[in-house]
Amino acid sequence: MDTKEMKSFIQKARKLVKPFRVTGDSFRLKDIDPGETLEFASEDKPRAKEALAMGINLLTELQDMLYAQDRWAVLLMFQAMDAAGKDGVIKHVMSGVNPQGCEVYSFKEPSDEELDHDFLWRCAKRLPERGRIGIFNRSYYEETLVVRVHREFLEKQRLPPELVTKNIWKERFQDIRNFERYLTRNGIVIRKFFLHVSKKEQKKRFLERIEEPEKNWKFSANDIKEREYWGDYLAAYEGMIRHTATKHAPWYVVPADNKWFTRVVVAAAVVDALASLDLKYPKVRKSELKELAAAKHALQAEK
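Quick caveat, the model's predicted, so the values are computed rather than measured.

J.: I'm lost on the overall build of the chain in this one. Help?
T.: What the chain contains, in helices and strands, is 13 helices and 6 strands. Expressed as lengths along the three principal axes of its C-alpha atoms, the size of the chain is roughly 75 × 50 × 40 Å. When burial is assessed residue by residue, the chain has 46% of its 303 residues classed as buried. Taking all contacts inside the chain whose residues are at least 6 apart in sequence as the whole, residues at least 24 apart take part in 81%. Of the accessible surface of the chain, which amounts to about 16900 Å², a share of 50% is contributed by carbon and sulfur atoms.

This is the structure:
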């Protein structure tokens, strides 16, 4: 992709993601329709796929420069209700990225060792190195979601009783904001994605997992049980986004009822984040240029 095409795509990417970027505390989840596709109508799927392909190609180039420059790190976090498509987004959007420069971590139910540490500990261990992209499939935000909806999980965390007050969620939001500010001050660029799926679409995807043998492995009986807490989860997600969306670590609330559109938006947001870093390949010093010239001469002189 030449420079002109690159600049044009980046401009389009920024325009595409703007409606879904959240940085303030006035956000309401109901303001974003899970079925939204903006200018992409259903018959425009081929155009959306073409945009995704271009985004992946550009992401490949930018990630190569990120890795070579070795100055910045990028952390992408994905949160969503079950069946919203996190795995698919990660698979498709990051398909062109060099595996050496990207690591994906999925955070499940915490182990005994993890419960004996602070709630940020297990994720802090997996932060990306400079030059790399780290992807969290779920994250420390679970500590303000599932733990908030299911109070019994909080009781298993072995916290001193006097620390478990009515302000614990506000305190955790504050800790997260401070932690993310610290990370950005150390060169880690943070982008957070909530894949916003409707209850109707989730039901459809659950039925597909049950009815199609090749998808049976994706289904868990616990998924149905968690659907009973739909309203509680939406309230928890809204509070999480409102209290932790900042300019340096924004949330993107991405409509997720149409997987093809979700992937385009996420790809555009990642491209926008990388493009904002003004990435360049490292310049070679004069002494190194002489070494290169000598090496070239030696190779050409070989018989």
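J.: Looking at this structure, I do not really get the pattern of salt bridges. What am I missing?
T.: Any two side chains of opposite charge can pair, on the condition that their charged atoms come close. Within this structure, the stated rule accounts for 13 salt bridges. Among the ionic pairs, E114 bridges to R122, the shortest N-O distance being 3.3 Å. Judged by its relative accessible area of 22%, E114 is partly exposed. We classify R122 as buried; its relative accessible area is 10%. Among the salt bridges present, the one from E180 reaches K192, with a minimum N-O distance of 2.9 Å. You can see E180 sitting in helix α8 (residues 168-184) and its partner K192 sitting in strand β5 (residues 188-196), a full 12 residues away along the chain.

J.: Looking at this model, I keep getting lost on helix α9 (residues 199-211). Mind explaining?
T.: Two residues of an α-helix separated by three or four positions point the same way, owing to the 3.6 residues in each turn. Its 13 residues place the ends of α9 18 Å apart at the C-alpha level, agreeing with the 18 Å of an ideal helix rising 1.5 Å per residue. Inspection of α9 places E201, Q202, R205, F206 and R209 among the buried residues, and these make up the whole buried set. Seen along its axis, α9 keeps its buried residues to an arc of 140 degrees; they face one direction. Facing away from the buried surface of α9 by more than 90 degrees, the exposed residues are K200 and E211. In the core, the buried residues of α9 are packed alongside α10 (221-227), α11 (230-244) and α12 (259-275).

J.: Is there a simple way to think about the sheet that holds strand β1 (residues 21-22) in this case?
T.: Sheet strands associate in pairs through backbone hydrogen bonding, adopting either a parallel or an antiparallel arrangement. Pairing within the open sheet is mixed, and its 6 strands lie in the order β1-β6-β5-β2-β4-β3. The sheet is open, and its two edges are formed by β1 and β3 (102-106), each paired on a single side. As paired strands, strand β2 (residues 73-80) and β5 are joined by 8 bridges and run parallel to one another. Bridging across to β5, A80 finds its partner in L195. The strands touched by helix α3 (residues 86-93) within the sheet are β2, β3, β4 (133-137) and β5, with β2 carrying the most contacts at an inclination of about 150 degrees.

J.: Can you walk me through the state of the cysteines in this structure?
T.: Among covalent bonds in proteins, the disulfide is the one between the sulfur atoms of two cysteines. Under the defined criterion, the tally for this structure stands at 0 disulfides. Looking at the unpaired C102, the closest cysteine sulfur is the one in C123, lying at 16 Å. Owing to a relative accessible area of 15%, C102 belongs among the buried residues under this scheme. Since its relative accessible area comes to 1%, C123 is described here as buried.

J.: I keep staring at unusual backbone geometry and nothing clicks. Help me out?
T.: The phi angle of most residues is negative, glycine excepted, and most peptide bonds adopt the trans form. Look at D70: it is not a glycine, yet its phi comes out positive at around 60 degrees. Relative to the elements of secondary structure, D70 occurs in the loop between α2 (45-69) and β2. For R138, which is not a glycine, the phi torsion comes out positive at approximately 70 degrees. Structurally, R138 can be placed in the loop between β4 and α6 (146-149).

J.: Explanation requested: a nonpolar patch on the surface in the structure shown.
T.: A surface patch of nonpolar side chains, about 270 Å² in accessible area, is lined by V284, L289 and L292. Topologically, V284 is positioned in the loop between α12 and α13 (286-301). For V284, a relative accessible area of 41% corresponds to the partly exposed category.

J.: Would you mind going over the nonpolar core with me for this structure?
T.: Most often, soluble globular proteins have nonpolar side chains that are buried together. By size, the foremost hydrophobic cluster in this structure holds 90 residues, and its most contacted members are L76, M94, Y140, F193, L195, V266 and L274. Ranked by the residues each element gives to this core, the list is headed by α12, at 11 residues. Look past the residues within four positions of Y140 in its chain and what remains in contact with it is M77, F119, L120, C123, I176, F179 and E180.

J.: Which parts of the structure should I look at to understand α11?
T.: Taking 1.5 Å per residue as the helical rise, α11 with its 15 residues ought to reach 21 Å, and the 21 Å between its terminal C-alpha atoms agrees with that figure. Turning to α11, its buried residues are W230, Y233, A236, Y237, G239, M240, I241 and T244.

Calculation criteria
- Residues numbered from 1 in each chain as written.
- Predicted model: local features only at pLDDT ≥ 70, side-chain atom pairs only at ≥ 80, totals over all residues.
- Heavy atoms only, no water.
- Helix = DSSP H or I, 4+ residues; strand = E, 2+ residues; numbered from the N terminus.
- Buried < 20%, exposed > 50% of the residue type's maximum accessible area, 1.4 Å probe, protein only.
- Contact = heavy atoms within 4.5 Å.
- Areas by Shrake-Rupley, 256 points an atom, 1.4 Å probe, with all protein chains shown as cover.
- Salt bridge = Lys/Arg side-chain N within 4 Å of Asp/Glu carboxyl O.
- Expected span 1.5 Å × (residues − 1).
- Arc of directions from axis to C-beta.
- Pairing = 2+ DSSP bridges.
- Axes fitted to C-alpha atoms, helices over the stretch in contact; angles between N-to-C directions.
- Disulfide = S-S within 2.5 Å.
- Patch = residues over 30% accessible without salt bridge, like charges linked within 9 Å, V, L, I, M, F, W, Y side chains within 5 Å.
- Core = buried A, V, L, I, M, F, W, Y, C linked by side-chain atoms within 4.5 Å.

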